[in-house]
Amino acid sequence: MKELHIAQVSEKVINQLPKGALLTVKSNDKLNTMTIGWAALGRIWNKPILTVLVRFSRYTHELITDADSFTVSFSMDESLKQAMNICGTKSGRDIDKFKECGLTPVYVDEVESPYIAEGDLHFICKIVYKNTMEPELLSEEIKNRWYKDNDYHGIYYGEVVKVLVKE
Ligand SMILES: Cc1cc2nc3c(=O)[nH]c(=O)nc-3n(C[C@H](O)[C@H](O)[C@H](O)COP(=O)(O)O)c2cc1C
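First things first, this report covers the structure right here in the doc. (Residues numbered from 1 in each chain as written. Predicted model: local features only at pLDDT ≥ 70, side-chain atom pairs only at ≥ 80, totals over all residues. Heavy atoms only, no water.)

Some thoughts on the pairing of strand β9 (residues 121-132)
Relative to β9, strand β6 (residues 69-74) runs antiparallel, the two sharing six bridges. Bridging from a neighbouring strand, S73 pairs with H122 of β9. Where β9 and strand β10 (residues 153-165) come together, eleven bridges link them in antiparallel fashion. Paired with C125 across the bridge in β10 is V160. (Pairing = 2+ DSSP bridges. Helix = DSSP H or I, 4+ residues; strand = E, 2+ residues; numbered from the N terminus.)

Some points on unusual backbone geometry
The backbone of D29 sits at a positive phi, close to 70 degrees, despite the residue not being glycine. Position of D29 among the secondary structure elements: in the loop between β2 (21-27) and β3 (30-36). By relative accessible area, D29 is classed as exposed at 68%. A positive phi angle is found at N46, which is not glycine, with a value near 60 degrees. Its place among the elements puts N46 in the loop between β4 (39-44) and β5 (47-55). A relative accessible area of 65% means that N46 is categorised as exposed. (Buried < 20%, exposed > 50% of the residue type's maximum accessible area, 1.4 Å probe, protein only.)

Regarding the site of the ligand
Not every one of the 20 residues close to the ligand is listed here, only the nearest: T35, T60, S91, G92 and K97. Measuring from an oxygen atom of the ligand, one finds a side-chain N or O atom of T60 at 2.6 Å. One of the backbone nitrogen or oxygen atoms of G92 is found 2.7 Å away from an oxygen atom of the ligand. Burial of the ligand by the surrounding chains reaches 81%, relative to a free accessible area of 650 Å². Elements with a minimum of two residues in the shell around the ligand: β3, β5 and α2 (59-64). With four residues, β3 is the single largest residue contributor to the shell around the ligand. Per-class residue counts for the shell around the ligand are seven nonpolar, nine polar and four charged. (Near = heavy atom within 4 Å. Polar contact = N/O pair within 3.5 Å; in protein donor to acceptor, adjacent residues only side chain to side chain. Areas by Shrake-Rupley, 256 points an atom, 1.4 Å probe, with all protein chains shown as cover. Nonpolar A, V, L, I, M, F, W, Y, C, P; charged D, E, K, R; others polar.)

Comments concerning the side chain of K97
Looking at where K97 falls in the secondary structure, it is placed in helix α4 (residues 97-101). Buried charge K97 goes without a salt bridge, the closest partner of opposite sign being D94 at 8.8 Å. Leaving out residues up to four positions away in the same chain, K97 has contacts with N32, T33, M34, C87, K90, S91, G92, G102 and L103. (Lys, Arg positive; Asp, Glu negative; His and termini not counted. Salt bridge = Lys/Arg side-chain N within 4 Å of Asp/Glu carboxyl O. Contact = heavy atoms within 4.5 Å.)

Observations regarding the pairing of β10
Successive residues of a regular strand alternate their side chains across the two faces of the sheet. The element β10 is extensively covered by neighbouring structure, given that eleven of its 13 residues are classed as buried. Pairing of strand β1 (residues 2-4) with β10, which is carried by three bridges, proceeds in the antiparallel orientation. Paired with E3 across the two strands is L164, which belongs to β10.

Focus on the environment of K26
Here K26 lies in strand β2. Owing to a relative accessible area of 16%, K26 belongs among the buried residues under this scheme. In this structure the C-alpha to C-alpha distance between K26 and S73, which are 47 residues apart in sequence, comes to 14 Å. Not counting residues up to four positions away in its chain, the partners in contact with K26 are L31, A67, Y107, E112, S113 and P114.

Here it is as structure tokens:
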């Protein structure tokens with residue numbers, strides 16, 4: 001694994017997100033991963049920050065509210081396509097996604113949450129801020145398009161402590 005700066009991978013991330021990435025969280029000895037398609041990469045508080053959005057209904061939401069970290073793993077080819085389909089439609093409440101999809105967690109020194117070995121670009125993030133969406137502050141257009149069922153997002157800001165790519 002080689003370490004990179006976020007600016008070296010920002011374009012890849014933006015192009016790759018619509019195809020999905022795996023958000024992995026470990027908290028209180030519970031481990032889960034889910035597919036995400038929305039995230040923001042940038043600079044806040046003079047830190048590199050990756051922000052992810054997790055709806056309240058997700059099992060991942062139960063874990064991430066108590067967690068101090070998360071990771072996001074991308075695959076630049078099609079090798080994680082099937083895993084992303086499963087991890088984006090099945091819940092960790094019902095199945096062990098690591099077992100079901102043949103995914104391998106890799107633990108790092110900096111945070112508790114592992115990344116997924118089968119990916120090839122990984123963001124290791126320490127959570128520095130969490131908030132929940134306030135519907136009354138949201139534009140009507142977005143509310144009607146994405147939140148008809150009132151399943152709003154928790155928003156998690158991770159300080160990117162490491163960006164790792166497969167060599
Ligand atoms: C391509 C794709 C992108 C997704 N992006 C998100 C997302 O950004 N946030 C979210 O809350 N759910 C997203 N989902 C849905 C979750 O991955 C899905 O509900 C998953 O089963 C939740 O798993 P969990 O209950 O184990 O947390 C996405 C699903 C797919 C297929």
